[in-house]
Amino acid sequence: MPISYFLVLSAVLFGLGVVAFVFKRNIITIFMSIELMLNAVNLAFVAFARAHNQLEGQIFVFFVIVVAAAEAAVGLAIVILIARHRGTLNVERVDTLKH
Amino acid sequence: MNALAAAHPILVVALIKIIVLLFLMMTSLAYMTWFERKVVAHIQARWGPYRVGPHGLLQPLADGLKFLFKEDVTPAGADRFVYVLAPFLTLSLAITSIALIPFGPKEIKIFGASTPLAITNLNLGLLFLFAITSMGVYGVALAGWSSNSKYPLLGSLRSSAQMVSYELSMTLSVVGVLLMAGSLNLSEIITAQQGFAWGFLPRWNILAGPLPQILGFFCFFVSAIAETNRLPFDLPEAEGELGGGFHTEYSSFKFAMFFMGEYASMITVSCLATILFFGGWLSPFPQTRAFGWAHYIPAAFFGLAGVALIVHGVRYLTMFGRVALPAIGLALCGLAFLLTRHGLNEIAQGPFWFLLKVLIFLFIYVWVRGTLPRFRYDQLMAIGWKMLLPVSIANVVLTSLAIVVTQR
Amino acid sequence: MSAETAVFLVLAAVAVAGAVSLILQRHPIHSALSLIAVMVSIAGMYLLLGAPFMAAVQIIVYAGAVMVLFVFVIMLLNAGQEERTNLSRMAHYIGVPLGVVFLAEVALWVARGSTQFTVQPSAASSTRGLAELLFKDYVFPFELTSFLILIAILGAIVLARREES
């Protein structure tokens, strides 16, 4: 089975993640789209690791998962803070620096 | 059927094993409720279910029918999709884990194809079991949230926080066993515990090896009780506390699915505990000539049970009992006779010891439930994070130290 | 069509459906559930690619812990449904078709550029190889990530703590 199948799927998922990132207004959904993009990239890594028959790709995926988990933890803590202080989860409303 | 079996033997054999195991699993889930009610009742000096069928043996059937016919109430404002998904997720994940458990070493023949006594034998079986357990948190979290009500939400938040915390120490407490066995394959973990120290002490992980895994077993079992939300860790679902916890707003069949899911995870955890720490399907008797009589213990067990049932049944209170109990007793005697035949005896050795040990663990589960009071939530979380996690990490360090020292 | 390709197509369909559902759903909890479906199907694809350990790690860590964190926060903050805004006329009639065309073009170029690699049949167990790499060659990044996780835990606790006024 050619690797290109997996790479195309990875590209499609990444693109959909970008679309979600741009168009959604709930900050938690934006975070989830970041996770979707990271997953798409992980898939590409593992596919290439298989194609070149090396395991370094999987090691990198391991580290990406760890970093994504840490980032999700801190990011969601920030989201809780924003929700507590601004009372809203809509990114378009968190714009006091604009006016 | 035979043509189909010849064309895709693996598929047909797997399907048969799945159907048989699913049927056995559902029956044992139903009778776990009976077992629990009986044991807790006897601990509390009463009888438990006694009237519905001889010794309450038809109680699970009555309960099942009741659950099917009860009114199915959905709270107003509940998110319909998630409300239905949550119990379904809990039950299906809990039952899936039975596919990874090996029941015995020998292979049996179905339609001429030889197949091991397990649905699958993954090289990473233990890891996938933990993956399934970690997905089980969703059933609880989504159930409470989708009920659109205060108490279920609080109960599910507490319960999922508890499950996530104890998952850590449960996974870490098993690492000692993995270090000693050198593999994540459940069958290989069992075969690594073969052999008898000094001729008679079985080399199970809790007794022998570089470091007896007593600490690991203690951490694992306590974490597992907390993970399956059983007493003394069942504050999030206790009736006296948050009004019933995350399953307050569920009725009839969905409620039954939650409970079946809980019992199924109990059974899974008991199977894991026997496989990892108590030798799985290994017999506690040495496999030497002098202990050849030990091969007839399953037959003797069933034979004695059958005779006892017959003797007790013919003098039972109700007419139905006087017919049913001796009939079951006769069936057990027939099973005992079949087990004395050589071929069947060899195959039945492994599963017999395995199921006996699992039954002992289930009894301990129910025993603990009937005896201990429940923990307060902050005490619960303190035990998980401040006691069990450091102890399991210490177990990993000590085990690796012991392995390095004994290998020099 | 081999069995592998059939399984891949099913998993890919689930992944893309999940991703599209993430975009289209209004309630963040439904988006979270769709993302969990995507992650589980990606774990299935890791299995297809001969990385069973990564599949298990993906389910245990990503789908079983990180997404639980997301679901928790959504439940805690009581995130409701998003309000409907009107996507501008331009975005609706030109943006979405253009986006699909762009995506298809990217997919085409990716497919064309990578056909020389094929998936070789299954090699030996990856767990042992991964462990050797992780603890011999990459032990320094490994210890660094333990630091990172510690800092993240501390940061999350400090950030989300209720101030004692």
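Conventions used here
Throughout, a residue's number is its position along its own chain's written sequence, starting from 1. Key to labels: chains lettered from A, ligands numbered from 1, both in the order written. Only residues with pLDDT of at least 70 get local features here, since the model is predicted, and only at 80 or more are side-chain atom pairs given and counted; chain-wide, interface and lining totals rely on the full set of residues. Secondary structure elements follow DSSP: runs of H or I no shorter than four residues count as helices, runs of E no shorter than two count as strands, and numbering proceeds from the N terminus. Whether two residues are in contact depends on their C-beta atoms, placed from the backbone: they are in contact if these lie within 7 Å. Whether a residue is buried, exposed or partly exposed is read from the other C-beta atoms within 10 Å of its own C-beta, which are placed from the backbone; 20 or more gives buried, 12 or fewer gives exposed, and intermediate counts give partly exposed. Annotation comment: domain bounds sourced from an automatic or database domain assignment. Each residue is assigned to one class: nonpolar for Ala, Val, Leu, Ile, Met, Phe, Trp, Tyr, Cys and Pro, charged for Asp, Glu, Lys and Arg, and polar for all the others, Gly among them. Between N-to-C directions, angles span 0 to 180 degrees; the directions come from axes that are lines fitted to C-alpha atoms, helices contributing only their stretch in contact. Should an angle fall under 35 degrees it is called roughly parallel, over 145 degrees roughly antiparallel, and 65 to 115 degrees roughly perpendicular, with every other angle called oblique. Take the far helix as the reference: if the near one is turned anticlockwise from it by less than a right angle, the crossing is left-handed, and if turned clockwise, right-handed. Take the number of residues in a helix, subtract one, and multiply by 1.5 Å to get its expected span. In this context, the arc is that of the directions from the helix axis out to the C-beta atoms. Confidence of the predictor in every single residue is expressed as pLDDT, which spans 0 to 100.

Caption draft 1: View of the overall build of chain C. Secondary structure assignment for chain C yields 6 helices and 0 strands. For chain C, the succession of helices and strands along the chain, N to C, is α-α-α-α-α-α. Contacts spanning at least 24 positions in sequence make up 55% of the contacts within chain C whose residues lie at least 6 apart.

Caption draft 2: Quick look at the overall build of chain A. Of regular secondary structure, chain A possesses 3 helices and 0 strands. When its helices and strands are written in sequence order, chain A yields α-α-α. Looking at chain A as a whole, 58% of its 99 residues qualify as buried. Of the contacts formed within chain A by residues at least 6 apart in sequence, a portion of 49% connects residues at least 24 apart.

Caption draft 3: Region of the structure containing the domain arrangement of chain C. Residues and elements named next belong to chain C. Domain annotation for chain C reports domain 1 (1-80) and domain 2 (123-165). Taken over C-alpha atoms, the centre of domain 1 sits 22 Å from the centre of domain 2. Counting residues at the interface gives 4 residues for domain 1 and 4 residues for domain 2. When the residues that make up the side of domain 1 that touches domain 2 are grouped by side-chain class, the tally is 3 nonpolar, 1 polar and no charged.

Caption draft 4: Representation of the interface of chain C and chain A. Facing 64 residues of chain C, the contacting portion of chain A comprises 56 residues. Secondary structure elements with two or more residues in the side of chain C that touches chain A: α1 (3-24), α2 (28-48), α3 (52-77), α4 (89-113), α5 (126-137) and α6 (139-160) of chain C. Here the side of chain C that touches chain A gets 12 residues from one element, more than from any other, and that element is α3 of chain C. Across the side of chain C that touches chain A, the residue classes tally to 49 nonpolar, 13 polar and 2 charged.

Caption draft 5: Molecular detail of the interface of chain B and chain C. Contact with chain B, which involves 17 residues of that partner, is made by 14 residues of chain C. Of all the secondary-structure elements, those providing two or more residues to the side of chain B that touches chain C are α5 (125-135), α6 (137-146) and α7 (150-173) of chain B. Here the side of chain B that touches chain C takes 6 residues from α5 of chain B, the largest share from any one element. Within the side of chain B that touches chain C, the residues separate by chemical class into 14 nonpolar, 3 polar and no charged.

Caption draft 6: Local environment of the packing of α7 of chain B against helix α10 (residues 214-227) of chain B. All names here are of chain B. Interaxial distance between α7 and α10 falls to 8 Å at its minimum, and their mutual angle equals 155 degrees. By the angle class used here, α7 and α10 are roughly antiparallel. In the packing of α7 onto α10, the handedness of the crossing is left-handed. Within the contact between the two elements, α7 uses Gln162, Met163, Tyr166, Glu167, Ser169, Met170 and Ser173 and α10 uses Gly216, Cys219, Phe220, Ser223, Ala224, Ala226 and Glu227. When the residues that make up the contact of α7 with α10 are grouped by side-chain class, the tally is 7 nonpolar, 5 polar and 2 charged.

Caption draft 7: Expanded view of unusual backbone geometry. That bond from leucine 231 of chain B to proline 232 of chain B is cis: its omega, 0 degrees, falls within 30 degrees of zero. With respect to the helices and strands, the residue proline 232 of chain B is situated in the loop between α10 and α11 (252-277). For asparagine 53 of chain A, which is not glycine, the phi dihedral falls at a positive 55 degrees. Mapped onto the fold, asparagine 53 of chain A is located in the loop between α2 (27-51) and α3 (56-86). Under the C-beta neighbour-count criterion, asparagine 53 of chain A is labelled exposed, with 12 such atoms within 10 Å. The backbone phi angle of histidine 55 of chain B is positive, close to 55 degrees, even though this residue is not glycine. Within the fold, histidine 55 of chain B resides in the loop between α2 (9-43) and α3 (59-69).

Caption draft 8: How the structure looks around the arrangement of the chains. Summarising the chain contacts, 2 pairs of chains touch, and the pair with the most contacts is chains A and C. No interface is formed between chain A and chain B, the nearest pair of C-alpha atoms being 14 Å apart.

Caption draft 9: Structural detail: α1 of chain C. The terminal C-alpha atoms of α1 of chain C lie 31 Å apart, and with 22 residues this matches the ideal 32 Å at 1.5 Å per residue to within 8%. Listed as buried for α1 of chain C are Phe8, Ala12, Ala15, Gly18, Ala19 and Leu22 of chain C. Projected onto a plane normal to the axis of α1 of chain C, the buried residues spread over an arc of 125 degrees and lie on a single side. Exposed and oriented more than 90 degrees from the buried face of α1 of chain C are Ala3, Ala6, Leu9, Val10, Ala13 and Leu24 of chain C. Next to the buried residues of α1 of chain C lie α1 (3-23) and α2 of chain A together with α2 of chain C.

Caption draft 10: Examining the confidence of the model for chain A more closely. Across chain A, the average pLDDT comes to 88, with 99% of residues at 70 or higher. Per-element mean pLDDT across chain A ranges from 88 in α1 of chain A up to 93 in α2 of chain A.

Caption draft 11: Quick look at the packing of helix α12 (residues 297-313) of chain B against helix α13 (residues 319-340) of chain B. All names here are of chain B. Close contact between α12 and α13 brings their axes to 7 Å; oriented N to C, the two are set at 160 degrees. What the angle tells us is that α12 and α13 run roughly antiparallel. For α12 against α13, the interelement crossing comes out left-handed. For the contact of α12 with α13, a count of residues per class yields 16 nonpolar, 7 polar and 1 charged.

Caption draft 12: Structural context of the environment of arginine 93 of chain A. All names here are of chain A. Counting through the fold element by element, arginine 93 comes out in the segment after α3. Overall, arginine 93 belongs to the exposed group, with 12 C-beta atoms counted inside 10 Å. With 68 residues separating them in the primary sequence, arginine 93 and arginine 25 have C-alpha atoms 9.5 Å apart.

Caption draft 13: Structural view of the environment of alanine 73 of chain A. Position of alanine 73 of chain A relative to the elements: it lies in helix α3. Accessibility expressed as a C-beta count within 10 Å gives 20 for alanine 73 of chain A, which makes it buried. Residues contacting alanine 73 of chain A, with those up to four places away along its chain left out, are Leu69, Ala152 and Ala156 of chain C.

Caption draft 14: Looking closely at the environment of phenylalanine 53 of chain C. Residue and element names in this part refer to chain C. Within the element layout of this structure, phenylalanine 53 appears in helix α3. Given 22 C-beta atoms within a 10 Å radius, phenylalanine 53 is considered buried. C-alpha of phenylalanine 53 to C-alpha of leucine 130: the two residues are 77 residues apart in sequence and 8.7 Å apart in space.

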